[in-house]
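Take a look at the letters that make up each chain.
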Amino acid sequence: MADSKMVKELMIDVFEFPHIPYWFSIRQAIGMIKKSLLSGEKCIRPLAVLVFDEKYNLVGTLGLMDILKGLEPSFLKSTTKAQVPAENESGLSVIWNSLFDKESKELAEKPVSEAMVSAKFFVEPDDHITKAAYLMIHNDLILLPVLENKKKLVGVVRMIEIFDELSDAILKA
Amino acid sequence: MLYRMKAVIDRDSHQKLYLQLYEILKGKMESGEWTVDSQIPTEEDLCKTYEVSKATVRLAISELVRNGYLRRQQGKGTFVCKRVIPEGLSMFTSFKELMLDAGVVFTTKVLAQTVTMPTDELTLKLDIPDDRHLIYIKRIRIVDNEPVLLQEIYIPHHLCPSLLEEDLEKDSLLELLEKKYDIKITKVQDYIEIESLTSEEGRSLGLPGGSCALLMEQSFYSGENQIMYMRSVKHPERFRFFIELERKG
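Remember, predicted model here, so these are calculated numbers, not experimental data.

### Section: the pairing of strand β5 (residues 134–143) of chain B
As a general feature of sheets, a regular strand has side chains that alternate between the two faces.
All names here are of chain B.
Line of reasoning, step 1. Burial runs high along β5: nine of the 10 residues are buried.
Line of reasoning, step 2. Both strand β4 (residues 107–116) and β5 contribute to a ladder of nine bridges, which runs antiparallel. Across the sheet, Thr114 pairs through a bridge with Tyr136, a residue of β5.
Line of reasoning, step 3. Two strands pair when backbone bridges link them, and β5 and strand β6 (residues 146–156) are joined in this way by 10 bridges, in the antiparallel orientation. Across the sheet, the residue bridging to Val143 is Glu146, located in β6.
Line of reasoning, step 4. Joining the antiparallel neighbours β5 and β6 is a turn of two residues, in which Asp144 adopts a positive phi near 50°.

The structure is reproduced here in structure tokens:
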């Protein structure tokens with residue numbers, strides 16, 4: 001793929017995604033997602049909120065799965081496959097159901113920084129899209145921030161565009 | 001004309017539905033269609049009349065209650081309050097905020113200069129769509145090493161995106177808006193009340209959580225458009241306000 005596209009050709013504007021400071025609560029992030037992404041005319045997928053620090057540096061992303069994990073009571077999080085047979089795991093959700101009103105609503109008041117995925121991996125606008133694909137595959141990511149000069153956030157590249165571009169190249173071959 | 005009378009909700013307008021309904025209902029009271037002490041229609045009736053949801057009606061009524069136009073009586077309904085806007089005396093108003101110990105020099109420390117979205121009550125305070133990004137500024141004013149004022153400021157990002165890069169510890173925010181970004185402020189609405197400090201606000205102002213402070217909420221407009229909402233929590237012993245009214249003409 002010598003003539004593969006650059007990240008800058010596929011990236012989308014960061015303002016397509018809601019923004020939230022890291023100290024705001026999970027509950028507030030949920031409100032944003034409901035208002036900005038789920039009830040609006042446009043629906044950008046993956047549904048994610050970008051998390052920033054006090055100086056508008058990106059520090060993480062918060063997707064729907066991250067929010068659900070953030071609401072999960074701690075006793076469920078500590079469970080591992082070694083401790084409980086797989087077929088019994090979902091049974092614990094009954095306890096979660098009974099605790100939801102109290103525990104999960106309390107957990108929703110925690111800051112988003114405790115539920116987000118930290119932004120550790122980035123691409124540059126002039127990187128090949130295969131680099132973005134590599135980082136997504138090896139770090140289980142669905143989107144990647146695009147930084148200019150390793151500092152300024154200029155966009156986001158999503159798995160859907162990377163997949164679309166790479167699959168076109170495969171089908172053309 | 002002092003206010004704009006709108007009889008119907010304009011769904012193509014950028015203005016939020018509850019704010020349009022707020023204006024309509026306010027107009028009914030200011031025009032005398034709804035008289036003092038009369039009971040207003042039920043939520044259900046208002047929903048049907050204006051073809052809006054209960055949530056929209058509730059938000060509009062809550063704002064009218066907050067601004068002194070309506071009062072709720074538990075189990076009885078919602079009633080029109082005595083007129084809160086003075087009539088017949090058209091005055092220029094001059095409002096100055098004075099720090100006690102005039103001439104004192106303060107410094108500004110910016111705690112945050114980042115981006116967020118309208119959350120919680122902010123939806124009520126800012127007349128912009130929920131999916132619009134906001135520049136969020138949190139700063140503290142310090143006099144003699146003592147924090148005296150905690151401010152949170154929200155400005156629609158699209159109005160002045162470069163504001164994120166400005167040095168707000170040195171430059172005046174209002175001057176930047178007017179001179180650099182050409183946003184002329186034509187109207188400011190202030191609400192002042194006493195509030196109990198949250199523990200975080202108390203920490204910031206060096207006061208115990210739960211103690212009383214002055215809360216000033218300000219909505220800044222440029223023409224018809226709201227361009228900023230500012231929430232200031234002030235140390236109760238360091239400020240006073242001066243209002244001067246001067247008859248027009």
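Structure shown, so let's carry the discussion forward.
### With respect to the pattern of salt bridges
Line of reasoning, step 1. Evaluation of the coordinates by the stated rule reveals 17 salt bridges over all chains.
Line of reasoning, step 2. Between Asp127(A) and Lys131(A) there is a salt bridge, and its shortest N-O distance comes to 3.4 Å.
Line of reasoning, step 3. Residue classification places Lys131(A) among the partly exposed positions, given a relative accessible area of 39%.
Line of reasoning, step 4. Notably, a salt bridge pairs Glu200(B) with Lys138(B), separated by 2.9 Å at the nearest N-O pair. Of this pair, Glu200(B) sits in helix α6 (residues 199–205) while Lys138(B) sits in strand β5, and the two are 62 residues apart along the sequence.
Line of reasoning, step 5. Through salt bridges with shared partners, a single ionic network connects Glu195(B), Glu201(B) and Arg231(B).

### Observations concerning the pairing of strand β9 (residues 225–234) of chain B
Residue and element names in this part refer to chain B.
Line of reasoning, step 1. Summarising burial for β9: nine of the 10 residues are buried, a large majority.
Line of reasoning, step 2. Pairing between β6 and β9: six bridges, direction antiparallel. By the bridge assignment, Leu150 is partnered in β9 with Val233.
Line of reasoning, step 3. Pairing of strand β8 (residues 212–222) with β9, which is carried by nine bridges, proceeds in the antiparallel orientation. Within the sheet, the bridge partner assigned to Gln218 lies in β9 and is Met230.

### A look at the packing of aromatic side chains
Line of reasoning, step 1. Taken as a whole and assessed by the stated rule, the structure comprises seven aromatic pairs over all chains.
Line of reasoning, step 2. Plain terms: the ring middles of Tyr136(B) and Tyr154(B) are 5.1 Å apart, the flat faces sit at 40° to each other, and that makes the pair tilted. In this pair, Tyr136(B) is assigned in strand β5 and Tyr154(B) in strand β6, connecting sequence segments 18 residues apart.
Line of reasoning, step 3. Its relative accessible area of 0% is what places Tyr136(B) among the buried residues.
Line of reasoning, step 4. With a centroid separation of 6.1 Å and 25° between ring planes, the pair formed by Tyr154(B) and Tyr229(B) is classed as stacked. Residue Tyr154(B) is found in strand β6, and its partner Tyr229(B) is found in strand β9; the two are separated by 75 residues along the sequence.
Line of reasoning, step 5. Relative accessible area serves as the criterion here: at 4%, Tyr229(B) is assigned to the buried category.
Line of reasoning, step 6. Here the aromatic cluster, defined as three or more aromatic residues joined through ring pairs, consists of Tyr22(A), Trp23(A), Phe24(A), Tyr136(B), Tyr154(B) and Tyr229(B).

### A few points about the sheet that holds strand β4 (residues 117–118) of chain A
All names here are of chain A.
Line of reasoning, step 1. Taking strand neighbours across the sheet as the criterion, the four strands line up as β1-β2-β3-β4 in an open arrangement whose pairing is mixed. The open sheet terminates on both sides in strands that have one partner only, identified here as β1 (19–21) and β4.
Line of reasoning, step 2. With five bridges joining them, strand β2 (residues 48–52) and strand β3 (residues 58–63) adopt antiparallel strand pairing. Within β3, the position partnered with Ala48 by the bridge is Gly63.
Line of reasoning, step 3. Here helix α3 (residues 64–71) sits on the sheet and contacts β3 and β4; the angle it forms with β3, its principal contact strand, is near 80°.

Conventions and cut-offs
- Residues numbered from 1 in each chain as written.
- Chains lettered and ligands numbered in written order.
- Predicted model: local features only at pLDDT ≥ 70, side-chain atom pairs only at ≥ 80, totals over all residues.
- Heavy atoms only, no water.
- Buried < 20%, exposed > 50% of the residue type's maximum accessible area, 1.4 Å probe, protein only.
- Helix = DSSP H or I, 4+ residues; strand = E, 2+ residues; numbered from the N terminus.
- Pairing = 2+ DSSP bridges.
- Salt bridge = Lys/Arg side-chain N within 4 Å of Asp/Glu carboxyl O.
- Phe/Tyr/Trp six-rings, centres within 6.5 Å; stacked < 30°, edge-to-face > 60°.
- Contact = heavy atoms within 4.5 Å.
- Axes fitted to C-alpha atoms, helices over the stretch in contact; angles between N-to-C directions.

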